[in-house]
Amino acid sequence: MAQNKAWTVAGFPTGALSESNFKLVESATVAPKEGEVLVKNLWLSLDPYMRGRLSQSKSYVKGVEIGDVMTGETAGEVVESKHPKFKPGDKVTAPSGWQLYWTGNGDLVNKVDASKVPLSYFLGSLGMPGRTAYFGMKDILQPKAGETVVVSAASGAVGSVVGQLAKAWGARAVGIAGGKAKCDYVAKDLGFDACVDYKAGNLAADLKAACPKGIDCYFENVGGKILDTVLTLMNVKSRIAVCGLISDYNATEPYGVKMFRSILVNRIKVQGLIVFDWLERYPEGNKALQDLAAAGRLKTRESVLEGLEQAPKRLVGQLKGENFGKQLVKLA
Ligand SMILES: NC(=O)c1ccc[n+]([C@@H]2O[C@H](COP(=O)([O-])OP(=O)(O)OC[C@H]3O[C@@H](n4cnc5c(N)ncnc54)[C@H](OP(=O)(O)O)[C@@H]3O)[C@@H](O)[C@H]2O)c1
């Protein structure tokens, strides 16, 4: 049997995440029992939600415990199967965690068709982040043609899909991102109508100029000062989908919302979004995203590091915006 390597949880961070919160361990791979599969992981997805799992505070899902393999989704290949749905060689996504091999219940594994698109896309624009964008847009924001949709963390895995969906559905897409390079990519490569660099120092004025008719839909990924600035520009009867608050994830005290009054004055509908509430409709989301990609209207950018050893350092950096596009670790 091949040798497995895994990052386990060594401790819970207080404030900023640190590499010392993880410990690398080696073990033998485990043969699958009836109903299980053994997957060789080729790609590991790194996602901001992982910071929330490293906490004992109440959340929408139970966190990890000390000594657990760090939670995460992978894309890989079935090596051995005792589940009727899978055979060796099948390409899959699986809830493997941060490790080279995973043995577990085949019912938790998804077979994917990687013959036309790279396998890694099923962890990004065609996977969980893409579906998050799709259901948040389709069911919560419901943009009408001509309306203005603003999304923060616009160059990231979720934000990049939000804006491309807005364009595909006839709305105006305005991104907010950190730095000129990310903004150029969002506007020029992804085709958003505008992108505002929140690090340039004039967010309120720049966003106002980019949204001359105000904001009808806001897809929130960041929170903090960016949310407060957006709130000042929301239109009457506008909508906000609260998907993520990454600027608060490492904070010991939450920033809070100072412009809450705008929700009252403008009768804004605000709804939180957790993607797995749409579990039963994943096939619909997957098909919509795959159709958009096949039509050449869904571009993907990836930020790739090689080797499982890189994962902790990278997640620490990702929570400070060091990634540019969907963050992945190439495992083999
Ligand atoms: N609710 C759900 O079901 C669900 C599902 C998936 C994702 N999410 C959330 O959606 C958000 C985006 O996820 P993603 O997968 O697209 O992330 P991603 O691809 O890793 O991109 C994250 C981006 O956030 C920005 N960022 C990081 N730290 C920041 C800070 N302190 N202040 C402002 N911006 C910061 C950075 O872009 P800049 O350099 O442009 O700042 C970074 O590139 C996250 O909040 C995540 O938790 C929620």
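Keep in mind that this is a model prediction, so the values were computed, not measured. (Residues numbered from 1 in each chain as written. Predicted model: local features only at pLDDT ≥ 70, side-chain atom pairs only at ≥ 80, totals over all residues. Heavy atoms only, no water.)

Caption draft 1: Region of the structure containing the overall build of the chain. What the chain contains, in helices and strands, is nine helices and 15 strands. Relative to the compact-globule value of 20 Å for 332 residues, the chain shows a C-alpha radius of gyration of 20 Å, a close match. The principal-axis extent of the C-alpha atoms belonging to the chain is close to 60 × 45 × 35 Å. In the chain, 68% of the contacts between residues at least 6 apart in sequence involve partners at least 24 apart. Each charge sign in the chain was given a centre, from 42 positive and 33 negative side chains, and these centres are 5 Å apart. (Helix = DSSP H or I, 4+ residues; strand = E, 2+ residues; numbered from the N terminus. Rg over C-alpha atoms; globule rule 2.2 N^0.38 Å. Contact = heavy atoms within 4.5 Å. Lys, Arg positive; Asp, Glu negative; His and termini not counted. Charge placed at Lys NZ, Arg CZ, Asp CG, Glu CD.)

Caption draft 2: Representation of the site of the ligand. The immediate surroundings of the ligand are formed by 27 residues, with Gly178, Lys182, Tyr198, Tyr249 and Leu273 found nearest. Alanine 157 places a main-chain nitrogen or oxygen 2.8 Å from an oxygen atom of the ligand. The contact in question runs from a nitrogen atom of the ligand to an N or O atom on the backbone of cysteine 243, over 2.9 Å. The fraction of the free accessible surface of the ligand (920 Å²) that becomes covered by protein chains is 93%. (Near = heavy atom within 4 Å. Polar contact = N/O pair within 3.5 Å; in protein donor to acceptor, adjacent residues only side chain to side chain. Areas by Shrake-Rupley, 256 points an atom, 1.4 Å probe, with all protein chains shown as cover.)

Caption draft 3: Structural view of the packing of aromatic side chains. The tally for this structure, following the rule as stated, stands at six aromatic pairs. Relative to tryptophan 98, the ring of phenylalanine 22 has its centre 4.9 Å away and its plane inclined at 20°; by these criteria the two rings are stacked. Taken together, the residues phenylalanine 22 in strand E2 (residues 22-28) and tryptophan 98 in the loop between strand E5 (91-94) and strand E6 (101-105) connect sequence positions 76 residues apart. Between tyrosine 185 and phenylalanine 324, the aromatic rings sit 5.4 Å apart at their centres with planes inclined by 80°, giving edge-to-face as the arrangement. With tyrosine 185 in helix H4 (residues 180-189) and phenylalanine 324 in the loop between helix H9 (311-318) and strand E15 (326-330), this pair connects stretches of sequence that are 139 residues apart. (Phe/Tyr/Trp six-rings, centres within 6.5 Å; stacked < 30°, edge-to-face > 60°.)

Caption draft 4: Expanded view of the environment of valine 196. As for its placement among the helices and strands, valine 196 is situated in strand E10 (residues 194-197). For the pair valine 196 and aspartate 184, spaced 12 residues apart in sequence, the C-alpha separation works out to 9.5 Å. Each residue touching valine 196, except ones within four places of it in the same chain, is listed here: Val174, Gly175, Ile176, Ala177, Cys183, Leu203, Asp206, Leu207 and Ala210.

Caption draft 5: Geometry of the nonpolar core. Grouped together as the largest cluster of nonpolar side chains are 43 residues, with contacts concentrated most on Val162 and Phe219. Mapped by element, the contributors of at least two residues to this core are strand E3 (36-45), helix H2 (128-141), strand E8 (148-152), helix H3 (157-168), strand E9 (172-177), H4, strand E11 (215-220) and helix H8 (282-294). The greatest single-element share of this core, amounting to six residues, is contributed by H2. Among all residues touching valine 162, those that are not within four sequence positions of it are Ala133, Met137, Val149, Val151 and Phe219. (Core = buried A, V, L, I, M, F, W, Y, C linked by side-chain atoms within 4.5 Å. Buried < 20%, exposed > 50% of the residue type's maximum accessible area, 1.4 Å probe, protein only.)

Caption draft 6: Representation of the pattern of salt bridges in the model. Overall, the coordinates contain 15 salt bridges when judged by the stated rule. The salt bridge involving glutamate 77 is made with lysine 91; its shortest N-O contact spans 2.9 Å. Linking glutamate 77 in strand E4 (residues 74-81) with lysine 91 in strand E5, this pair joins segments that are 14 residues apart in sequence. By relative accessible area, lysine 91 is classed as partly exposed at 27%. The salt bridge involving arginine 314 is made with glutamate 322; its shortest N-O contact spans 3.8 Å. Note on glutamate 322: relative accessible area 47%, which makes it partly exposed. Here the residues in one salt-bridge network are Lys87, Asp90 and Lys111, joined through shared partners. (Salt bridge = Lys/Arg side-chain N within 4 Å of Asp/Glu carboxyl O.)

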